[in-house]
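# Results of the structural survey
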Amino acid sequence: MANLNKTAAYAWLAVGILWPVVLLNYLDRQMLSTIRPSIRADIPTIANDQDFGTLMAVFMWVYAFLSPIGGYVADRFNRRWTVIGSLLVWSAVTWLTGHMHTYTQMLWCRAAMGVSEAFYMPAALALIVDFHSGPTRSRAVGLHQSGLYCGLALGGIGGYIAQTGSWRHCFTWFGAVGVFYSLVLMLVLRNAPKNPDPMAATAPPVTMKNTVQALWGNPSFVLLVAYFTLPAIAGWMMKNWLPTYLADTFNLKQGPAGLSATGYIQIASLVGVLAGGVVADYWMRRRQRGRIFTSVSGVVLLTVALLGLGHCWDIGAAILFMILFGLGWGFFDCNSMPILCQVARPEHRATGYGFMNLISSSTGAGATVVLGWMRDHGIRFPVAFTAAAIVALLSVGLILMVKPQVQPAKFI
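The shown structure was predicted, so the numbers you read here are calculated from the model rather than taken from an experiment.

## Quick word on a nonpolar patch on the surface
- Side chains of Trp81, Leu88, Leu183 and Met186 sit close together on the surface and give an oily, nonpolar patch of about 370 Å² of accessible area.
- Broken down by secondary-structure element, the contributors of at least two residues to the nonpolar patch are helix H4 (79–97) and helix H9 (167–188).
- Its place among the elements puts Leu88 in helix H4.
- We classify Leu88 as partly exposed; its relative accessible area is 36%.

## What to know about the packing of H4 against helix H6 (residues 120–131)
- Packing of H4 against H6 brings their axes to within 9 Å, and their N-to-C directions diverge by 145 degrees. Crossing angle aside, the handedness with which H4 passes H6 is left-handed. Contact residues: Arg79, Thr82, Val83 and Ser86 in H4; Tyr120, Ala123, Ala124, Ala126, Leu127 and Asp130 in H6.

## A look at helix H3 (residues 49–76)
- The end-to-end C-alpha separation of H3 is 41 Å, in line with the 40 Å expected for 28 residues at 1.5 Å each.
- Of all the bends in H3, the largest measures some 40 degrees and sits at Leu66, one to four residues before the proline Pro68.

## Quick notes on the packing of aromatic side chains
- One pass over the full model with this rule turns up 10 aromatic pairs.
- Measuring from centroid to centroid gives 6.2 Å for Phe325 and Trp329, while their planes differ by 10 degrees, and the two rings are stacked. Within this pair, Phe325 and its partner Trp329 are both found in helix H14 (residues 315–333), separated by 4 residues, close to a single helical turn.
- Using a relative accessible area of 9% as the deciding quantity, one classes Trp329 as buried.
- Taken together through their ring pairs, the aromatic side chains of Tyr227, Phe228, Phe325, Trp329, Phe332 and Tyr353 make up a single cluster.
- Its guanidinium or amino end placed over the ring of Trp81, Arg80 lies 4.6 Å from that ring's centre, counting from NZ or CZ.
- For Arg286, the ring lying beneath its charged end belongs to Tyr282, and the centroid distance is 3.9 Å.

## Observations concerning helix H11 (residues 219–250)
- Over its 32 residues, H11 runs 45 Å from end to end, which matches the ideal 46 Å to within 8%, given 1.5 Å per residue.
- The largest bend in H11 is about 60 degrees, located at Trp241, with the proline Pro243 one to four residues further on.
- For H11, the tally of buried residues reaches 25 of 32 residues, placing the bulk of the element in the interior.

## Remarks on the pattern of salt bridges
- Considering all chains together, one arrives at 5 salt bridges under this definition.
- For Arg79, the salt bridge is made with Asp130, and the minimal N-O distance between the two is 2.2 Å. In this pair, Arg79 is assigned in helix H4 and Asp130 in helix H6, connecting sequence segments 51 residues apart.
- On the accessibility criterion, Arg79 (8% relative accessible area) is buried.
- According to the relative accessible area criterion, Asp130 is buried, its value standing at 13%.
- One salt bridge connects Glu347 with Arg345, and the closest N-O pair in it is separated by 2.6 Å.
- The class for Glu347 is buried, based on a relative accessible area of 9%.
- A relative accessible area of 22% means that Arg345 is categorised as partly exposed.
- Ionic contacts of the salt-bridge type, sharing partners, join the residues Asp75, Arg79 and Asp130 into one network.

Here is what the cut-offs are and how they apply
Residues numbered from 1 in each chain as written. Predicted model: local features only at pLDDT ≥ 70, side-chain atom pairs only at ≥ 80, totals over all residues. Heavy atoms only, no water. Patch = residues over 30% accessible without salt bridge, like charges linked within 9 Å, V, L, I, M, F, W, Y side chains within 5 Å. Areas by Shrake-Rupley, 256 points an atom, 1.4 Å probe, with all protein chains shown as cover. Salt bridge = Lys/Arg side-chain N within 4 Å of Asp/Glu carboxyl O. Helix = DSSP H or I, 4+ residues; strand = E, 2+ residues; numbered from the N terminus. Buried < 20%, exposed > 50% of the residue type's maximum accessible area, 1.4 Å probe, protein only. Axes fitted to C-alpha atoms, helices over the stretch in contact; angles between N-to-C directions. Left-handed = near helix turned anticlockwise from the far one by under 90°. Contact = heavy atoms within 4.5 Å. Expected span 1.5 Å × (residues − 1). Bend = angle between axes of the 7 residues up to and from the residue. Phe/Tyr/Trp six-rings, centres within 6.5 Å; stacked < 30°, edge-to-face > 60°. Lys NZ or Arg CZ within 6 Å of the ring centre and 35° of its normal.

Set out below in structure tokens:
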């Protein structure tokens, strides 16, 4: 009994240990968009908004295409070391970004950042669900994802740092923090006990061929990938272009626009992932599709928010719709890996999440570049918001066709 209690306590400690890592990962992503004017002023070879959109997109493309590889490494070898290695590379690349002086150099740095982060999220989420194989799964994932939103919200500070000093400080300071924290991980992070999940007892050898066949031969996994992708287009749009939308539409300066774009949505998302985890775990005890229904309710909320944000009349209304979007996104986000656990074996979950990232992030990257092109050609944001809302709503029908695998109640 004492060993079980220690394992349960460490299961929550593991989430807490990983929380600062996901915060740093997403802090870097958001800072780039919030300090766009400062970077463009300092690096004139970034010629237009389409170039800047490409800077954001190249990270997403590399991140997307390497995510299945990062997941496979975590599934096949060691999840703990995959996380630690990812943070070390992240720290080095973040520091280097603050010392780049041309568009080409920045492009290479953003590509390298995609390499580092592709290995983190699949490994970290798979490690968390290894520890939380019972009815705490959505809450544990939600708590981890709350660090993501704190990182995105903190990224808004980049605008103020750039205004009062230099945009380069944003990257050099946090790169140094990452190096320090990677040493902490080496000391305290460990892998989950062997076979914590009953589905692992009959696991075949983990090979890329077996993994790909098991995942893509499963219709429910294919539907889940599509469901994960369609609302993510709107999510990437908010992360990469919302500061610009607020600045242009409501005549805000760089600092207030960056902090508003990150603050309201991310705080609401933080509430959403925590509340969504509680609701999903509670609902799951009563219905096998409890996590699916919780996620769908989030997609409906963010769809309404997108339509409202594209046609709002003042900054107060925009804030209201940003909060609604964040709450909906939180309900959606905290249940993606737990739903994956209902359709994929434990030894395939990191790779499965990697494939989900591959499709959703590469699609989001394309949408980011297209939105930059639209701005260069005078097409307004409301058109993009409306299109994203329609696409997100289409995903609801797909996820309702997923057939979860029946598992013992204590492991759902």
